[in-house]
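Summary of structural features
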Amino acid sequence: MNFEVVCASHNDTILNANLARSPMLRDGLVKLHLERGAPSAGVAYNAALDATSAPIIVFAHHDVYFPKGWETQLAARIAELDAHDPNWALFGSFGVGLDHSHIGPVWSSSIGLIVGRVPVAPTEVQSFDEMVIILRRASGIRFDADLPGWHMYGTDIVTQARAKGLHAYAGALPTIHNDRYHDALKEDFVECYQYMRRKWRDRLPLRTPIIKISRSGLHLLRNRWRDRSSEEFRANMSVGIHHPPERLAELCGWSELTHN
Ligand SMILES: [Mn+2]
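The model shown is predicted, which means the values in this text are computed figures rather than measured ones. (Residues numbered from 1 in each chain as written. Predicted model: local features only at pLDDT ≥ 70, side-chain atom pairs only at ≥ 80, totals over all residues.)

**Comments concerning the sheet that holds strand E11 (residues 132–136)**
Filter applied, for reference: The pairing criterion for strands is at least two bridges between them, as found by DSSP. Runs of H or I in DSSP of at least four residues are treated as helices and runs of E of at least two as strands, each being numbered from the N terminus. Contact definition: two residues whose C-beta atoms, as placed from backbone geometry, lie within 7 Å. Note on geometry: axes are C-alpha line fits, over the in-contact stretch for helices, and angles between N-to-C directions span 0 to 180 degrees.
The strand order E2-E1-E3-E11-E5-E12-E10-E6-E7 describes an open sheet built from nine strands, whose pairing is mixed. Two strands lie at the open edges of the sheet, namely strand E2 (32–35) and strand E7 (102–103), each paired on one side alone. Bridge analysis of strand E10 (residues 123–128) against strand E12 (residues 168–170) gives two bridges, and the strand direction is antiparallel. Opposite threonine 123, over in E12, you have alanine 170 as the bridge partner. Running at roughly 130° to E10, helix H5 (residues 153–163) makes contact with strand E5 (90–92), E10, E11 and E12 of the sheet.

So this is what it looks like as structure tokens:
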């Protein structure tokens, strides 16, 4: 299968400790294209789309690790997807289903859990966790360069696809997200939330993996209050980001992914 990995990274230490250590990238099985210094994810990812040519692009965070053999799982999932919906636009490791269920499975260091249902077939989603977003170039879908900063682009691009009658799916792609503990939602998050609320007012509510984007916007206040009141509990769930990703993959039983 012909695909490339794209990453917008501002930190070589995190990149080299995680994504760049993924066997398929380290061993040169798959190309890694890096974007640096962009003002937003949308700008970075559109630049990467223009700079690459593979028919399938895997956009990944620098704190993501693809266990050995991940590419065989991706090939299997894409084959299932092609059979189910040859016009598919997007695929991902973690997303929020149309019924609000969380579709995985992925490891998240920030909460010390394997999260997400394990779907036995491609399952349609309304948003992705931005850790991994897989785009079929022929769909013609691009990121929104006007969406500010680094949040909610996984919800925006799915909603763009759906507005054009195309579909986004999540499925079983076991992946490590070695993400740090998340502080309470800050101003840059609020800016994205308000942008999405205005842009998609006719398609609300939309559920991202961490918040409901509603017409009233009350969910923003509710989440911020909830996050502050549970700060200590959430901080204790995090395992930190110092564990080697190979070790995390091993603990999850994902040392060697194969497809028969
Ligand atoms: Mn991340």
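After that view of the structure, there is still more to cover.
**A few points about helix H3 (residues 41–51)**
Definition in use: Any residue whose C-beta has 12 or fewer other C-beta atoms within 10 Å is treated as exposed, any with 20 or more as buried, and any in between as partly exposed, C-beta atoms being built from the backbone. Directions pointing from the helix axis toward each C-beta atom define the arc.
When H3 is considered as a whole, its buried residues turn out to be Ala41, Gly42, Ala44, Tyr45 and Ala48. Looking straight down H3, one finds that the buried residues subtend no more than 165° of arc, so they occupy a single side. Pointing more than 90 degrees away from the buried face of H3 are the exposed residues Asp50 and Ala51. Those residues of H3 that are buried lie in contact with strand E1 (3–8), E2, strand E3 (56–60) and H5.

**Let's talk about the sheet that holds strand E9 (residues 113–115)**
On the basis of which strands lie adjacent, the open sheet formed by four strands has the order E4-E13-E8-E9 and mixed pairing. Only two strands of the sheet have a single partner each, and these edge strands are strand E4 (64–65) and E9. Alignment of strand E8 (residues 106–108) against strand E13 (residues 175–177), held across three bridges, turns out to be parallel. For serine 108, the partnering residue across the bridge sits in E13 and is histidine 177. Of the strands in this sheet, E4, E8, E9 and E13 touch helix H9 (residues 245–252), which is tilted by about 125° from E13.

**Some remarks on unusual backbone geometry**
With omega at 5°, the peptide bond leading from glycine 104 into proline 105 counts as cis. For the bond from leucine 204 to proline 205, the omega torsion is 0°, close enough to zero to count as cis. Assignment of secondary structure puts proline 205 in the loop between helix H6 (187–199) and strand E14 (206–207). With a phi close to 80°, histidine 100 is a non-glycine residue in the positive phi region. Following the sequence through the fold, histidine 100 ends up in the loop between strand E6 (95–97) and E7. According to the C-beta neighbour criterion, histidine 100 is exposed, with 10 such atoms within 10 Å. Here methionine 152, not a glycine, exhibits a phi torsion of approximately 65°, which is positive.

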